[in-house]
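Overview (structure and organization)
Each chain, letter by letter, is given below.
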Amino acid sequence: MHEASLAGGVLQLVEDTARREGFARLLELRLEAGQLAGVDVRALRFALESLAPGTLLEGARIQIDEPPGQAWCMACAQTVAIAQRGDACPACGGCQLQPTGGMELRVIDMRVSDD
């Protein structure tokens, strides 16, 4: 389960940011995991919650947004929504799609406290 490794990376990022910015507590963490990112959002949430005790993640509200996948269809020259890689173009049925969105896994923002 690579989500455990991803959660460890998110925790490391939060801890590094806390040291650099000088905050004591994380109140809210907002992530973005696109539909084409290859991330099981439920597993990522579970991994983050499992790591939380004794860390800055403990007690923080974790929100994970899941933007839809998007691709450029070379056949009909349109940007279209796709649920997964390998889907056909919903507009023309073509299979020459270049993913353009929904591939990200990133921290959007953190709400923190100094106390």
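Scope of this entry: the structure provided in the associated data block. Computed from a predicted model, the values in this text were never measured in an experiment. (Residues numbered from 1 in each chain as written. Predicted model: local features only at pLDDT ≥ 70, side-chain atom pairs only at ≥ 80, totals over all residues. Heavy atoms only, no water.)

Spatially, S2-S1-S6 is the arrangement adopted by the 3 strands of the open sheet, whose pairing is mixed. Two strands bound the open sheet, and with one partner strand each, they are strand S2 (61–65) and strand S6 (105–113). For this sheet, the mean angle separating the axes of adjacent strands, direction not counted, is 15 degrees. The pairing of strand S1 (residues 25–33) with S6 spans 8 bridges and is classified as antiparallel. Counterpart to Leu26 in the pairing with S6 is Val112. On the sheet, helix H1 (residues 2–21) packs against S1 and S6 and is oriented at approximately 40 degrees with respect to S6. Running at roughly 160 degrees to S2, helix H2 (residues 41–51) makes contact with S1, S2 and S6 of the sheet. (Pairing = 2+ DSSP bridges. Helix = DSSP H or I, 4+ residues; strand = E, 2+ residues; numbered from the N terminus. Axes fitted to C-alpha atoms, helices over the stretch in contact; angles between N-to-C directions. Contact = heavy atoms within 4.5 Å.)

By themselves these figures say nothing about function.
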